[in-house]
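Read off the chains here:
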Amino acid sequence: MKKITLIMVSLLTMATMASAQTNSLNNFKQLYTKSYTGIVTDSANASRSNVMVYDADNSLFTSGRFDTEFEGLTPVAASSYVMKNDNTLTPVWKIAIAGAAKVNAMVSDNNGGVYVAGTLADEVAFGSADGKTITLTGYKESDAYTTALCASFIAHYDKDGNLLKANTIVPAHVPALDAMVDAYFPGEGDIYCRINGLAFEGGKLYASIVYSGQVSSADNSVTILSGSMDIEGGGYFMTTLKAAAVASLDDNLGVTSFPITISSRQFTELYTQEQVNTFTMTGSGNHLYLGFIATGTENYKCFGEDAKSFTFTAPETAEAGSVDYGYVVADVDLSAQKTNVIKTWESTTTESYDATEIDNIAVSGDNLILSGIFQDKLGFDNNVTATASCDLYAASLKKSDLSVNWAKASGFDEGESTKNEEIMTCSTIAGDNLYVSGYTALKAKHSLTAPLLYAFNLSTGAVVKETNETYDFGMAATADNKVAAVAYTSCPTTGLLADTHFATYDLTTTGISNVKSDGNDVTATYDASANVITFSKVCNAAVITVDGKVVAKVEEAKAMNVQGLANGIYFVRTIANGATSTVKIIK
């Protein structure tokens, strides 16, 4: 009876402890923090993505959006910033990308500098530490710049924040469709090119893009087209569909070629869409690892290889209106200029709201770790199903053959599926886990309702829902997995995400941190080398696992040995003079 009571009390204690967490990596020892308050005055301009990347010397590049002056930077409307920070989060340099622009990707140049890529509209001035700015322009529709971020940019900054080069990829109409004068009416945001990933491999820079319309190399020698669709049949109303490609860039950041393309067919009469929904990429060891979600028939072409076609169609037994999503992952060897392995999976959904994505790919030893969101059944394992509208997920694939090690879902119930959804914001590998962060939102307003955070064990896929009181919009870790960083904002009561905070964590140090005290004045100290917890005065103590199991206890003692416990996170609850105190220990 006493044991049952202790477990019940410990669970209540852990719930109280979790509510005190500040952000997603609070399980680790916090090193440094840096806050920028009031940098956004209009909620429409707030960052929901803070792209970050570490350099080889563990300098941290951070980015975000702002619409009011801060740190000596002046915006033009909703602008973006890029900073280089030392290991104490003190800015080494900072620049403004002044104008309608958003940073989507960054990668180190391995010389202390950084490549920055994203989307822009109208005219945008790229700042430079030496004052030598470069102005780039976006996409025009009917001879006027669009307000939508329809063109992509790439900029290169050296270790001192000097702008070396900047360039754009601007999409265009498909001429064959333009010839259909009364049938082709692209509007604001219909034609676009969006960079969403960068990789610097073998001394060359590559960008992953999703586009609609056509895009060309810098010298116009190579042009690629997205698919097109005859919506009503008979050639009365034509539209372009999303396609994807990897662009190879030269030293001037101009596109030289598109070594990898994924696009649908050109249609004359078809009533269903075939397109690439999402596309992401990472690089490692002179390989590119690609992941995309597609519907219908897609043609994949890599360097000089023959094109491969994949058709994703809902089975005849599926409900009317079902959509079949194809999950495609590929390993491309850049040295050999060939596809090593490409593999597909399928999942059918009746959800009309499009929310199936591969958002991030990370390399972990011999495995690829993927994360994103999905509806109904997860493609990597159809036995994994989403709760309510959609779920966050993670999956581990073997690099050698792309077979699935494990695939898991968050299992969070966000409520009525027609009204609510889950959105993934970022993920990173920290210690033995992949941390995936996101939030729940109202579909109609895209407004945030609650933060989400899950830890997926890299070996087993075991999922732990972490309690998080902040919205995390960016994560990064050093190449040696010793330090990680998080960009976050406090849960807003006003709905305005005005502040951005950065924090770094030591992923290697075990330790102990206070959780909750009712005034028993017991101080606990953990000696990792001796595997002993000592107490400042005689007390009763229990060590409790994260799932509420008591694994060690002492009575009327000033120390306890925890050598027999496996490494991990525990809570130590002490009782003295009728009062309790709880600390968290990382062994």
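Further up the page is the structure itself.
These lines cover the structure that appears in this document, whether it is placed above or below. Treat the numbers as computed from the prediction; the structure is a model and nothing was measured.

How each quantity is defined
Residues numbered from 1 in each chain as written. Predicted model: local features only at pLDDT ≥ 70, side-chain atom pairs only at ≥ 80, totals over all residues. Heavy atoms only, no water. Helix = DSSP H or I, 4+ residues; strand = E, 2+ residues; numbered from the N terminus. Buried < 20%, exposed > 50% of the residue type's maximum accessible area, 1.4 Å probe, protein only. Contact = heavy atoms within 4.5 Å. Areas by Shrake-Rupley, 256 points an atom, 1.4 Å probe, with all protein chains shown as cover. Pairing = 2+ DSSP bridges. Axes fitted to C-alpha atoms, helices over the stretch in contact; angles between N-to-C directions. Phe/Tyr/Trp six-rings, centres within 6.5 Å; stacked < 30°, edge-to-face > 60°. Lys NZ or Arg CZ within 6 Å of the ring centre and 35° of its normal. Core = buried A, V, L, I, M, F, W, Y, C linked by side-chain atoms within 4.5 Å. Polar contact = N/O pair within 3.5 Å; in protein donor to acceptor, adjacent residues only side chain to side chain. Salt bridge = Lys/Arg side-chain N within 4 Å of Asp/Glu carboxyl O.

Brief notes about the overall build of the chain
Argument step 1. Of regular secondary structure, the chain possesses two helices and 46 strands.
Argument step 2. Every one of the 587 residues in the chain was classed for burial, and the buried ones make up 55%.
Argument step 3. Long-range pairs, those at least 24 residues apart, make up 57% of the contacts in the chain with a sequence separation of at least 6.
Argument step 4. In the form shown here, the chain has an accessible surface area of approximately 24,000 Å², with 47% of it arising from carbon and sulfur atoms.

Observations concerning the pairing of strand 31 (residues 381-385)
Argument step 1. Sheet topology note: the strand 30 (residues 377-378)/strand 31 ladder contains two bridges and is antiparallel. Considered in strand 31, the bridge of K377 is made with T385.
Argument step 2. As consecutive antiparallel partners, strand 30 and strand 31 are separated by two residues.

Description of the sheet that holds strand 14 (residues 192-201)
Argument step 1. Overall, antiparallel pairing links the six strands, which are arranged 14-15-20-21-24-25 in an open sheet. The open sheet has two free edges, formed respectively by strand 14 and strand 25 (308-312), since each of these has just one partner strand. Strand-to-strand, the axes of this sheet are offset by a mean angle of 25°, without reference to chain direction.
Argument step 2. As paired strands, strand 14 and strand 15 (residues 204-212) are joined by nine bridges and run antiparallel to one another. The residue bridging A199 from the neighbouring strand is Y206, located in strand 15.

Brief notes about the packing of aromatic side chains
Argument step 1. Within this structure, the stated rule accounts for 18 aromatic pairs.
Argument step 2. Centroid distance Y36 to F70: 5.5 Å. Interplanar angle 75°. Geometry classified as edge-to-face. Of the two residues, Y36 is situated in strand 1 (residues 29-36) and F70 in the loop between strand 3 (60-66) and strand 4 (79-85); the sequence distance between them amounts to 34 residues.
Argument step 3. With relative accessibility at 4%, the residue Y36 sits in the buried group.
Argument step 4. Taking relative accessible area as the criterion, F70 reaches 8% and is therefore assigned buried.
Argument step 5. A network of ring pairs unites the aromatic residues Y36, F66, F70, Y81 and F502 as a single cluster.
Argument step 6. Positioned over the ring face of Y145 is K140, at 4.8 Å from the centre of the ring.
Argument step 7. Above the ring of Y192, the side-chain terminus of R194 is found at 3.9 Å from the ring centroid.

As for the nonpolar core
Argument step 1. One finds F126, L288 and L290 to be the most contacted residues of the largest nonpolar core, which totals 53 residues.
Argument step 2. Of all hydrophobic cores here, the second largest spans 23 residues; its members include A117, F200, L249 and V255.

Remarks on the side chain of T297
Argument step 1. Along the polypeptide, T297 turns up in strand 24 (residues 296-302).
Argument step 2. Given a relative accessible area of 10%, T297 falls into the buried group.
Argument step 3. A distance of 2.8 Å separates polar atoms of two side chains, one belonging to T297 and the other to T311.

Description of the sheet that holds strand 22 (residues 276-284)
Argument step 1. Spatial strand order, 22-23-26-27: four strands in an open sheet with antiparallel pairing. For this open sheet the edge positions go to strand 22 and strand 27 (338-349), each flanked by a neighbour on one side alone. Strand-to-strand, the axes of this sheet are offset by a mean angle of 10°, without reference to chain direction.
Argument step 2. When strand 23 (residues 287-294) meets strand 26 (residues 323-333), the two strands line up antiparallel, connected through eight bridges. Of the residues in strand 26, the one forming a bridge with G291 is V329.

Topic: the pattern of salt bridges
Argument step 1. Enumeration over the complete set of coordinates arrives at four salt bridges.
Argument step 2. Residues E71 and K94 are paired through a salt bridge, measuring 3.9 Å at the closest nitrogen-oxygen approach. Separated by 23 residues along the polypeptide, E71 in the loop between strand 3 and strand 4 and K94 in strand 5 (residues 91-98) bring together distant segments of the chain.
Argument step 3. The residue D160 makes a salt bridge to K159 at a minimum N-O spacing of 3.2 Å.
Argument step 4. A residue is classified by how much of its surface remains accessible, and D160, at 41% relative accessible area, is partly exposed.
Argument step 5. Residue class for K159 comes out partly exposed when judged on its relative accessible area of 44%.

As for the side chain of T282
Argument step 1. Here T282 is to be found in strand 22.
Argument step 2. Residue T282 is classed as buried on the basis of its relative accessible area of 17%.
Argument step 3. Those residues within four positions of T282 in sequence are excluded, and the remaining contacts are A199, H287, L288, Y289, I361 and V363.

Some points on the pairing of strand 26
Argument step 1. Among the 11 residues in strand 26, 10 count as buried, and that is most of the element.
Argument step 2. Across 11 bridges, the pairing between strand 26 and strand 27 is antiparallel. The residue of strand 27 that forms the bridge with Y327 is W345.
Argument step 3. Between the antiparallel neighbours strand 26 and strand 27 lie four residues, among them Q337 with a positive phi of about 50°.

Observations concerning unusual backbone geometry
Argument step 1. Positive phi, close to 60°, is recorded for D122, a residue that is not glycine.
Argument step 2. Summarising the element assignment, D122 is placed in the loop between strand 7 (114-120) and strand 8 (123-126).
Argument step 3. Residue S142 is not a glycine yet carries a positive backbone phi of 55°.
Argument step 4. Looking at where S142 falls in the secondary structure, it is placed in the loop between strand 10 (140-141) and strand 11 (144-145).
Argument step 5. Judged by its relative accessible area of 67%, S142 falls in the exposed class.

Some remarks on the environment of F185
Argument step 1. By secondary structure assignment, the location of F185 is in the loop between helix 2 (175-178) and strand 14.
Argument step 2. Taking the C-alpha atoms as reference points, F185 and M238, separated by 53 residues in sequence, lie 7.7 Å from one another.

Thoughts on the environment of G365
Argument step 1. For G365, the location among the structural elements is in the loop between strand 28 (357-364) and strand 29 (367-374).
Argument step 2. Residue G365 is classed as exposed on the basis of its relative accessible area of 56%.
Argument step 3. As a C-alpha pair, G365 and K398 span 33 residues in sequence and 9.4 Å in three-dimensional space.

So, the environment of A430
Argument step 1. Here A430 shows up in strand 34 (residues 420-430).
Argument step 2. With relative accessibility at 0%, the residue A430 sits in the buried group.
Argument step 3. Setting aside residues no more than four positions away along its own chain, A430 makes contact with L25, F28, Y435, N481 and L507.

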